[in-house]
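The lines below spell out each chain.
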Amino acid sequence: MNIAIGADSAGRPLLEVIAAHLATRPHLKVSDLSQSGYYADLSLALAQTIIDGQNERGILICGTGIGVAISANKVPGIRAALTHDTYSAERAAKSNNAQIITMGARVIGPELAKRIVDKWLESDFDPNGASAENVEAINRLDRVK
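Since this is a predicted model, take the numbers as computed values, not measurements. (Residues numbered from 1 in each chain as written. Predicted model: local features only at pLDDT ≥ 70, side-chain atom pairs only at ≥ 80, totals over all residues. Heavy atoms only, no water.)

### Notes on the pattern of salt bridges
Here the structure, examined in full by the defined rule, presents eight salt bridges. Note that Lys94 and Glu90 form a salt bridge whose closest N and O atoms lie 3.6 Å from each other. With Lys94 and Glu90 both in helix α4 (residues 86-94) and four residues apart, this pair spans about one turn of that helix. Salt-bridge contacts for Glu122 lead to Lys119; the nearest nitrogen and oxygen are separated by 3.1 Å. Placement of the pair is Glu122 and Lys119 together in helix α5 (residues 110-122), with a separation of three residues, close to one helical turn. Salt bridges sharing partners connect three or more residues here, namely Arg12, Glu16 and Asp32. (Salt bridge = Lys/Arg side-chain N within 4 Å of Asp/Glu carboxyl O. Helix = DSSP H or I, 4+ residues; strand = E, 2+ residues; numbered from the N terminus.)

Here it is, written out as structure tokens:
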């Protein structure tokens, strides 16, 4: 699986922990897209790699996780979920087919962040499951003019 990661300056220390954690997984190809500047630009750059098919999933980190979540969700076709616990990470994947999770480096610690990433990566969306129609309804919002 190809996964993109990125952080602003506030999220960089936690991103380094997550990058090292992901590096222990040989089945993952991780690309760090971190850049200086606005987190909206970072979110767009990472989300675009998912839209273009270069990456299947992404992780964005800023101080709270809120700014990158809001920014990523502005990109048509992207579902980004703010996750600060393992249950929300699991449901982000299973119930909402979130391609991106976001976290706040000033909100959670490194060990919890690693568990959140693990739970999200091991959780898959069932396109025939109970949440499929809800996700399709979310997708229709991208087509509203």
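Back to the write-up after that little detour.
### So, the packing of aromatic side chains
Counted by the stated rule, this structure contains zero aromatic pairs. If you follow Arg57 out to its NZ or CZ, it ends over the ring of Trp120, 4.7 Å from the centre. (Phe/Tyr/Trp six-rings, centres within 6.5 Å; stacked < 30°, edge-to-face > 60°. Lys NZ or Arg CZ within 6 Å of the ring centre and 35° of its normal.)

### Focus: the sheet that holds strand β2 (residues 29-32)
The strand order β2-β1-β3-β5-β4 describes an open sheet built from five strands, whose pairing is parallel. Here the strands that pair on one side only, and so sit at the sheet edges, are β2 and β4 (80-82). The mean inter-strand angle of the sheet, taken between neighbouring strand axes irrespective of direction, is 20°. Sheet topology places strand β3 (residues 57-62) next to strand β5 (residues 100-104); five bridges connect them, and they run parallel. Each residue of the ladder has a partner; that of Ile61, found in β5, is Met103. Each of β1 (2-7), β2, β3 and β5 touches helix α1 (residues 12-22); the most contacted strand, β1, lies at about 160° to it. Relative to the sheet, α5 contacts β1, β3 and β5, its axis offset from that of β5 by approximately 170°. (Pairing = 2+ DSSP bridges. Axes fitted to C-alpha atoms, helices over the stretch in contact; angles between N-to-C directions. Contact = heavy atoms within 4.5 Å.)

### Notes on the layout of surface pockets
Space inside the largest pocket adds up to approximately 190 Å³. Every residue lining the largest pocket is counted, 16 residues in all, and those nearest its centre are Asn73, Ile78, Arg79, Ala80 and Ile138. Taken together, the elements giving at least two residues each to the lining of the largest pocket come down to β4, α4 and α6 (132-141). Here the lining of the largest pocket is built from residues that sort into eight nonpolar, five polar and three charged. (1 Å grid on protein atoms, 1.4 Å probe; cavity = no way out; pocket = protein on both sides within 12 Å on 5 of 7 lines; lining within 4 Å. Points joined across faces, edges and corners; volume = space filled by probe spheres on them. Nonpolar A, V, L, I, M, F, W, Y, C, P; charged D, E, K, R; others polar.)

### Description of a nonpolar patch on the surface
Taken together, Ile66, Ile70 and Leu82 make up a surface patch of nonpolar side chains, about 260 Å² in accessible area. Within the secondary structure, Leu82 sits in strand β4. Owing to a relative accessible area of 37%, Leu82 belongs among the partly exposed residues under this scheme. (Patch = residues over 30% accessible without salt bridge, like charges linked within 9 Å, V, L, I, M, F, W, Y side chains within 5 Å. Areas by Shrake-Rupley, 256 points an atom, 1.4 Å probe, with all protein chains shown as cover. Buried < 20%, exposed > 50% of the residue type's maximum accessible area, 1.4 Å probe, protein only.)

### Describing α4
Buried within α4 we find Ala89, Glu90, Ala92 and Ala93. Projected down its long axis, α4 shows its buried positions confined to an angular sector of 155°, all on one face. Looking at the buried positions of α4, the neighbouring elements they touch are β3, β4, β5 and α5. The backbone nitrogen of Tyr87 lies 3.1 Å from a side-chain oxygen of the residue at the head of α4, namely Asp85. (Arc of directions from axis to C-beta. Polar contact = N/O pair within 3.5 Å; in protein donor to acceptor, adjacent residues only side chain to side chain.)

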